[in-house]
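# Structure assessment
These are the residues of each chain, in order.
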Amino acid sequence: MNKLTNQRAWWFVLPVVLLVAFNAIIPLMTVVNYSVQESFGENMFFWSGVRWFEEVLRSERFHSALWRQILFTGIILVIEVPLGLAIALAMPRKGPWVSVCLVLMALPLLIPWNVVGAMWNIMALPDIGLLGRGLNALGFTYNYTRQPFAAWFTVVLMDVWHWTSLVVLLCYAGLVSIPDAYYQAAKIDAARPWAVFRYIQLPKLKYVLTIAILLRFMDSFMIYTEVVVLTGGGPGNSTTFLSIDLVKTALGQFDLGPAAAMSLIYFLIILLFSWLFYTLMMRNEAR
Amino acid sequence: MHGFGTRAMAFELRSITKRVGAEVHVHETSLVLEEGSFNTLLGPTLAGKTSLMQLMAGIARPTSGEIWFRGENVTGVPVQKRNVSMVYQQFINYPNFSVYENIASPLRVAGLAKPEIDRRVREVAELLRLTPMLKRRPNELSGGQQQRTAIARALVKDSDMVLLDEPLANLDYKLREELRDELPRFFAGRNCIVVYATTEPTEALLFGGNTATLHAGRITQFGRTADIYRHPADLVSARVFSDPPINTAEVEKRGDEVLIGELRLPVGGAARGIPDGTYIIGIRPHHITPSKPNAEAAAIEGTVVIAELSGSESAVHFDLNGQTWVSQSPGIHPFEVGSIARLYVDMNHTLFFDLDDRRVEGGE
Amino acid sequence: MMANIRLQDLRHSYVENPKSDADWALKRLTIDWADGGAYALLGPSGCGKTTLLNIISGLIRPTEGRILFDGRDVTDASPEERNIAQVFQFPVIYDTMTVHDNLAFPLRNRGVGAREVEERVREVAEMLELDTTLKERAAGLTADGKQKISLGRGLARSDVNVIMFDEPLTVIDPHLKWVLRSKLKELHQRTRRTMIYVTHDQTEALTFADQVVVMNEGEIVQTGTPIDLFERPQHTFVGHFIGSPGMNVLPCEVAGGRAIFAGLPVESANAAAYRGDGGRLELGVRPEFVSFAETGIPVDVMKVLDVGRHRIVETTQAGFVIKMLVPEDEPIPEGAAHVRFAEDRTRLYRNGWLVT
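Residues numbered from 1 in each chain as written. Chains lettered and ligands numbered in written order. Predicted model: local features only at pLDDT ≥ 70, side-chain atom pairs only at ≥ 80, totals over all residues.

### Let's talk about the overall build of chain C
Short version of the rule: Think of it this way: any DSSP run of H or I at least four residues long counts as a helix, any run of E at least two long counts as a strand, and we number them from the N terminus. Three exposure classes are used. Buried residues have 20 or more other C-beta atoms within 10 Å of their own C-beta, exposed residues have 12 or fewer, and partly exposed residues fall in between, all C-beta atoms being placed from the backbone. Here, residues touch in the contact sense if the C-beta positions derived from the backbone fall within 7 Å of one another.
Along its length, chain C carries 9 helices and 22 strands. With respect to the three principal axes, the spread of C-alpha positions in chain C is 75 × 50 × 30 Å. The buried share of chain C, reckoned over its 356 residues, is 44%. A sequence separation of at least 24 residues applies to 66% of the contacts in chain C between residues at least 6 apart.

So this is what it looks like as structure tokens:
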């Protein structure tokens, strides 16, 4: 249908355009600007072309941060998506407990991220924290401030606790929208619960799962606040993920050029991976 | 709100076409609708009824051609500025407004005074028999009541044109019958132009008024309903205006008979005057019956392919010389699929079409 | 495997503590469904037909009453234990499987051997004209193809007691409906399984079924063949619901063994059977059986609607509307006229029910 255009609509969009321009496009352009220049302080800038980009891409430090990040995101996805789906499947779809469950699931998402980091920081302390003390009492030697493995364990645990609910809520919404008739037909066909999951629920959840995976991928790839508050990137470098590395470079060392270049590379990596993910999951729809 | 003039308000489509990409949704069409008329757009699904209605309402813009109303060019005037109302197949109402508020909404938008709004809402609600439901929400009403609310909202505005796009299609057939009986009453005494789209020829016949038969984006014929039904301009129009489908066959006319293969059928009264030759005849299903309607009726038989009963009528599809013909008769006459049906054809109402599908005079 | 199905003293309410009549979606009923029959449950929206269907299939547990399959009480049995199949309003298929696997699914779940699975799938696919699409993904078929798959899953099983249809043609394209309608009838002839078909569309019901069960407001109003329903409606609702337009229902009185309408005696088939026990008395006569005559009931001709094959004439007498169907070529008088009711088609009803 060919709708007649309503010119007045542009006026409604104008404020948003201005906002986006100020908050996103102009800063982005500034970053691009910095990434191709070199400064010797005192506001003196010289054109350096792709020099910063080359330096960043060759730097050891960048590579290790990148690998750490990829590993982290991989672990997160592998744990959170199936776990979230499982919890959503277990939640009741009708009755008085529905609202209770939904509120419980929403709670972790409502906590400010630095508070989340602080909570886990204290809770995992080996001497006074519930988790830290408990683990040590069980016989493990656990100290996340000293042991890289323990630090990873804690960071992953914190992220799972914080963000699985998002996956749960998305999957739940998808499950609830499956009409009853499908379940009735499955009953009549004498399908076992696993078959119901595999042939009815999973296919119908495809779009929802795609969104969940995409969101978790992008967010975990950019993770900063919680990790910084929890471990500060340590012990040493062991939990210094890409964002954290970027901030250290930019603010810690005032190397604007490399930092800007790294931001752009970072941005492009996320864009590339997201596009790949999305295309992969959606390729069946092209028919 | 427009005032009413004293001359007949004509709505005109002048050489309208509608193209979307490479597809032509509406081929070049011209049409004149008079004020106060009831016009049915009759045609199968995807014939272009909805596209045409959207052009008439101003929701879509024609690719070429002009639209004139009361002597003014309104092509390109968007629907918000035109005084039209639409009723859809899905009962479209504001879900969080009561019936009263639903009906009042167009008046509120127009900025009428409260007492005036109240008066008009109650008047229309009374007409549509909605007065006991005014406080309820649409989801508490039955399908028929929801559709009445939508119709009431369309009527209260006193629009110049009311467009109804298959409004009864989602209702139980009995409700459909009841609402259909009442529909002319809602529009009686109003000056608006009513355009009603449907796929069922029976509805067009029941409403009377004018009918436009549509096929593949073209209006094949437009005129008084009874005229179009009795005197279709061509085979396409005859087919559109027939449910069950009109029976056709290529025949040789020789004197007082037509030959379909080996079968000879006598030709009724006026048709004898048609010159001999090859024609396509059209026989309506209700002219083929299990009992002999008059002395001149011819006997035919064929193997039953499908037998259908619908309450007070029976239809049987049978094989005649390789084609499938349909017979429709009042009463319940069950037929066994696969058995031989012995039927009679009333040849007094046969339509004759030449090989270009145009109707030949003298058939009726 | 076949079964006689008996619903004994069934009542159902969706409300926790039903108090009044209106709280009961299904009022007390007892009905038998014979082995191998083709039944239709016909009635307007909200009459309880879908509730009844779901009780038979086991998807709903009735508030009161029992369900017996061949004398065996299955009231507490789940749908898969009852060996039923159901086709829903919109096609329910397993999107990720091929047509073949969809049809095989219920068989495989029940542990049927691979060779028998193949045989049955092929047989059913051929019956439903799906055999050319067996290797395709089920999600790619048209709406009627998908409905056929839904149907096929029920037909493929040899242990099915009854196949139930819940308004299965709802999403089918209008001019393809008759194809599926006749296919269903043909399938019943071939397989001789018990089939129960729920619909509000009388064409679907009367074409498919040998026995039609007409329901209204949670009650079974009449069970009979299409001819029975047309010629001898047991309830004014049946006369009104079946046929287009429906039966004329005119208030009347009875005196001296004859019905009196608008002060004039009217001959009817059963007025003599009236026992004089009061109640709301009405005469029912279909528009087909009212005709113009020289003498009889005086009427005013109000409206003539030309429907091509006949004309629907609305006349009034004493404020009541009498509709008539007049064949195409007959003349219609204007203004004042007289009508007669065919005696053997005019019946007396008391409180809506046929007087016998």
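Structure's up, so let's keep going.
### Structural notes on the interface of chain C and chain B
The condition is simple: Following the grouping adopted for this structure description, the nonpolar residues are Ala, Val, Leu, Ile, Met, Phe, Trp, Tyr, Cys and Pro, the charged ones are Asp, Glu, Lys and Arg, and the polar ones are all others, Gly among them.
Taken together, the 27 residues of chain C in the interface contact 24 residues of chain B. Mapped by element, the contributors of at least two residues to the side of chain C that touches chain B are helix 6 (177-191), helix 7 (202-208), helix 8 (226-231) and strand 17 (297-306) of chain C. Here the element with the most residues in the side of chain C that touches chain B is helix 7 of chain C; it accounts for 4 residues. The residue inventory of the side of chain C that touches chain B, partitioned by class, reads 12 nonpolar, 10 polar and 5 charged.

### Details of the domain arrangement of chain C
Selection criterion: Here the limits of each domain have been adopted from an automatic or database domain assignment.
Under the domain assignment, chain C is made up of domain 1 (5-234) and domain 2 (244-354). In this structure, domain 1 of chain C and domain 2 of chain C have C-alpha centres spaced 38 Å apart.

### Observations regarding the sheet that holds strand 2 (residues 24-33) of chain C
Residues and elements named next belong to chain C. In plain terms, the rule: Note on pairing: two strands pair once DSSP finds at least 2 bridges between them. Between N-to-C directions, angles span 0 to 180 degrees; the directions come from axes that are lines fitted to C-alpha atoms, helices contributing only their stretch in contact.
What the 4 strands build is an open sheet, ordered 2-1-4-5; its pairing is antiparallel. The open sheet has two edge strands with one neighbour each: strand 2 and strand 5 (72-73). By the bridge criterion, 5 bridges tie strand 1 (residues 5-13) to strand 4 (residues 64-69) in an arrangement that is antiparallel. Its bridge partner being in strand 4, Ile 5 is matched across the sheet by Phe 69. Here helix 1 (residues 49-57) sits on the sheet in contact with strand 1, strand 2 and strand 4, set at roughly 125° to strand 1.

### Remarks on the sheet that holds strand 15 (residues 288-289) of chain B
All names here are of chain B. The strand order across the open sheet formed by 5 strands is 15-19-16-17-18, and the pairing between neighbours is antiparallel. Taken across any chain shown, the strands that pair with only one partner, and hence form the sheet edges, are strand 15 and strand 18 (323-330). Taken together, the 7 bridges between strand 16 (residues 298-310) and strand 17 (residues 313-320) define a ladder with antiparallel strand orientation. Following the sheet pairing, Val 304 is matched in strand 17 by Phe 318.

### A short note on the confidence of the model for chain C
Using the following cut-off: The predictor attaches a confidence to each residue, and that confidence, scored 0 to 100, is pLDDT.
Looking at chain C as a whole, the pLDDT averages 88, with 99% of positions reaching at least 70. Per the prediction output, this complex has pTM 0.78; the corresponding ipTM is 0.80.

### Observations concerning the nonpolar core
Residue and element names in this part refer to chain B. Put simply, the test is: Joined through C-beta atoms within 7 Å, a set of buried Ala, Val, Leu, Ile, Met, Phe, Trp, Tyr and Cys residues constitutes a nonpolar core.
With 92 residues, the main nonpolar core has Ile 103, Ala 152, Met 161, Leu 163 and Val 195 as its most contacted residues. Considering every element that reaches this core, the biggest residue donor is helix 4 (residues 143-156), with 6 residues. Here this core spans two domains, since at least three of its residues come from each of domain 1 (10-240) and domain 2 (247-353). Excluding its chain neighbours within four sequence positions, the residues that come into contact with Met 161 are Phe 11, Met 56, Val 84, Cys 192, Ile 193 and Val 195.

### Looking at the packing of helix 2 (residues 99-110) of chain B against helix 3 (residues 114-127) of chain B
Residue and element names in this part refer to chain B. Here is the rule: Angle categories: roughly parallel below 35 degrees, roughly antiparallel above 145, roughly perpendicular from 65 to 115, and oblique for all the rest. The crossing is said to be left-handed when, going from far helix to near helix, the turn is anticlockwise and less than a right angle, and right-handed when the turn is clockwise.
The interhelical angle for the contact between helix 2 and helix 3, taken along N-to-C directions, is 130°, at an axis separation of 10 Å. Relative to helix 3, the element helix 2 lies oblique. Where helix 2 crosses over helix 3, the two elements pack in a sense that is right-handed. Contacts between helix 2 and helix 3 involve Tyr 100, Ile 103, Ala 104, Leu 107 and Arg 108 on the former and, on the latter, Ile 117, Arg 120, Val 121, Val 124 and Ala 125. Here the contact of helix 2 with helix 3 is built from residues that sort into 8 nonpolar, no polar and 2 charged.

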